Amino acid sequence: MDEKKTTDVTVLAIESSCDETAAAVVRNGREVLSNVISSQIALHTQYGGVVPELASRKHIEKINQVIGAALSEAGMTLPEMTAVAVTYGPGLVGALLVGVAAAKALAYGAGLPLVGVHHIEGHVSANFLEHPDLEPPFLCLIVSGGHTHLVIMKDHDEFEIVGRTRDDAAGEAFDKVARAIGLGYPGGPKIDLAAREGNPHAMEFPRAKIEGCPYDFSFSGLKSAVLNYLNHEKMAGREVNRADLAASFQNAVVEVLVDHTVRAAEEYGIRKVAIAGGVASNSALRVSMAAACGRAGLKLYYPSPIFCTDNAAMIGAAAYYEYKKGVRSGLDLNAVPNLRLGER
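Counting of residues starts from 1 at the beginning of each chain's written sequence and follows it residue by residue. With the structure being a predicted model, the display of local features is reserved for residues of pLDDT at least 70 and the display and counting of side-chain atom pairs for 80 or more, all residues being used for whole-chain, interface and lining totals. As a rule here, side-chain values cover all heavy atoms of the structure and leave hydrogens and water aside.

Student: Talk me through the overall build of the protein; I want residue IDs and the actual numbers.
Tutor: What counts as a helix is a DSSP run of H or I of at least four residues, what counts as a strand is a run of E of at least two, and both are numbered from the N terminus. A tally of regular secondary structure across the protein gives twelve helices and ten strands. The globule rule used for comparison is 2.2 Å times the number of residues to the exponent 0.38, while the radius of gyration itself is calculated over C-alpha atoms. Relative to the globule expectation of 20 Å for 344 residues, the C-alpha radius of gyration of the protein, 20 Å, shows essentially globular dimensions. Dimensions of the protein, computed from C-alpha atoms along their principal axes, come out at roughly 75 × 45 × 30 Å. Between buried and exposed lies partly exposed: a residue is buried under 20% and exposed over 50% of the maximum accessible area for its type, with that area taken using a 1.4 Å probe on protein chains only. Each of the 344 residues in the protein was classed as buried or not, and the buried ones make up 55%. Once local pairs closer than 6 in sequence are excluded, the contacts in the protein between residues at least 24 apart make up 73%. The charge count includes Lys and Arg as positive and Asp and Glu as negative, but it does not include His or the ends of the chains. Taken as the charge centre is NZ of Lys, CZ of Arg, CG of Asp or CD of Glu, depending on the residue. Counting 32 positive and 39 negative side-chain charges, the protein places the averaged centre of each group 1 Å from the other. Here, two residues are considered to be in contact whenever any of their heavy atoms come within 4.5 Å of each other.

Student: Please provide a residue-by-residue account of the packing of helix α6 (residues 170–180) against helix α7 (residues 187–195), values included.
Tutor: In contact at an axis separation of 8 Å, α6 and α7 are set at 65° when each is read in the N-to-C sense. Looking at the two axes, α6 sits roughly perpendicular to α7. Once α6 is placed against α7, the crossing between them reads as left-handed. From α6, F174, D175, V177 and A178 reach across to α7, where they touch G187, G188 and I191. Ten residue types, Ala, Val, Leu, Ile, Met, Phe, Trp, Tyr, Cys and Pro, are classed as nonpolar, four, Asp, Glu, Lys and Arg, as charged, and the remainder, Gly among them, as polar. The residue makeup of the contact of α6 with α7, split by class, is four nonpolar, two polar and one charged. A fitted line through C-alpha atoms represents every axis, and for helices the fit uses only the stretch in contact; the resulting angles, taken between N-to-C directions, go from 0 to 180 degrees. Small angles under 35 degrees read as roughly parallel and large ones over 145 as roughly antiparallel, with 65 to 115 read as roughly perpendicular and the rest as oblique. When the near helix sits turned anticlockwise from the far one by under a right angle, the crossing is termed left-handed; a clockwise turn instead gives a right-handed crossing.

Student: Tell me what's going on with the sheet that holds strand β2 (residues 20–27), and back it up with residues and numbers.
Tutor: Only strands joined by at least two bridges in the DSSP assignment are considered to pair. Reading across the sheet, the five strands line up as β3-β2-β1-β4-β5 and stay open at both edges, with mixed pairing between neighbours. In this open sheet, the two strands that pair with only one neighbour each are β3 (31–39) and β5 (114–118). Each adjacent strand pair in this sheet contributes to an overall mean axis angle of 20°, direction not counted. Looking at chain direction, strand β4 (residues 83–89) and β5 are connected through five bridges and run parallel. Looking at the pairing, G89 lines up with H118 of β5. Contacting β1 (10–15), β2 and β3, helix α3 (residues 52–74) crosses the sheet at an angle of about 25° to β2.

Student: I'd like to hear about the pattern of salt bridges, residue by residue, with values.
Tutor: Note on definitions: salt bridges are taken to be side-chain nitrogens of Lys or Arg within 4 Å of carboxyl oxygens of Asp or Glu. Considering all chains together, one arrives at 18 salt bridges under this definition. In this structure, the salt-bridge partner of E160 is K154, at a minimum N-O distance of 3.1 Å. Judged by relative accessible area, E160 falls into the partly exposed class, the value being 26%. With a shortest N-O distance of 2.9 Å, K176 and E172 are connected by a salt bridge. With a gap of four residues between them, K176 and E172 both fall in helix α6, about one helical turn apart. The exposure class assigned to K176 is partly exposed, which follows from its relative accessible area of 27%. One connected set of salt bridges, linked through shared partners, spans D168, E172, K176 and K223.

Student: Which residues make up helix α9 (residues 242–268), and what values do they have?
Tutor: To estimate how far a helix should extend, the number of its residues minus one is multiplied by 1.5 Å. Taking 1.5 Å of rise per residue, the 27 residues of α9 would be expected to cover 39 Å, and the 39 Å separating its terminal C-alpha atoms lies within 8% of that figure. Summarising burial for α9: 20 of the 27 residues are buried, a large majority. Pairs of N or O atoms within 3.5 Å make up the polar contacts considered here, provided that, within protein, one atom can donate a hydrogen while the other can accept it, and that residues adjacent in sequence are counted only when both atoms are side-chain atoms. Capping of α9 at its N-terminal end is provided by N241; its side-chain oxygen lies 3.1 Å from the backbone amide nitrogen of A243. In the segment just after α9, G269 is the residue with positive phi, at about 70°.

Student: Outline the side chain of D168, supporting the account with residue identities and numerical values.
Tutor: Counting through the fold element by element, D168 comes out in the loop between β8 (158–164) and α6. Polar contacts involving the side chain of D168 include one to the side chain of K223, which spans 3.1 Å. Excluding its chain neighbours within four sequence positions, the residues that come into contact with D168 are K176, F219, S220 and K223.

So, in structure tokens, the structure goes:
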């Protein structure tokens, strides 16, 4: 028998923390053999955001199909897997429970080890899928609809949080502003697209600074400033240029994200920077971060857009390193909607 095949760790990974039902097969934490995602965007768009109960029901409908498709696309069967991995938090509790229940059933039925994975750790690990040279330590900015964290990944299961949002996550602010200016859901991609036609300096919105916590974020004031501007213009009977507003708002968010990240990297003496999460696919953030890192002599990593939004390949990447360190979850694994990074 080929020795390499006997030492390979092949993980069937499941992700259902919000509104994507996803499964993937990942070998050795780096090689994606399949990555299947069933998106619920069309379902939730009519409501202007994710409806948790509907998300859970749709996960139940799709989970078995998605897992079957991931195994089929990889050309493998469940008994050929080394382990089953699943996101168990943070996220929507009902949505998480669907993935956790499916993973536990598969692991038990096939006699495979079960590995519970932290969702944010998965986002960070998405960078390993396309960058063979990337190893800890590095600084990572995680920006998504539910999270905005600035963390140092010291090792594959060791994180130091150096900054976090005090209120709205960056992606949440994108969604709320997009809804306010009539762009609809999901807000991030729509604002990114509209901003390309606008002037990022047409309106000057505030950049929040938190005394004593230079790397923490706050976006609620920025969101309120945009809503106040819209109300003021409406009362004055003036039409708002949506492209300019989108570009100006986006510029304010991106400027803070980039500034905090680069300053933190320099203070902590870290030369490698990564970005992750749904907002990491934002074109303005990528361009601005690349330019700032270039000026500071930092090496920048980011995943392809398909690995920025919620997906199971990133969970498979994180699970590989957990598995190698001996982490195993029992069949009493439960969903933990408010799970903190670094907790188990």
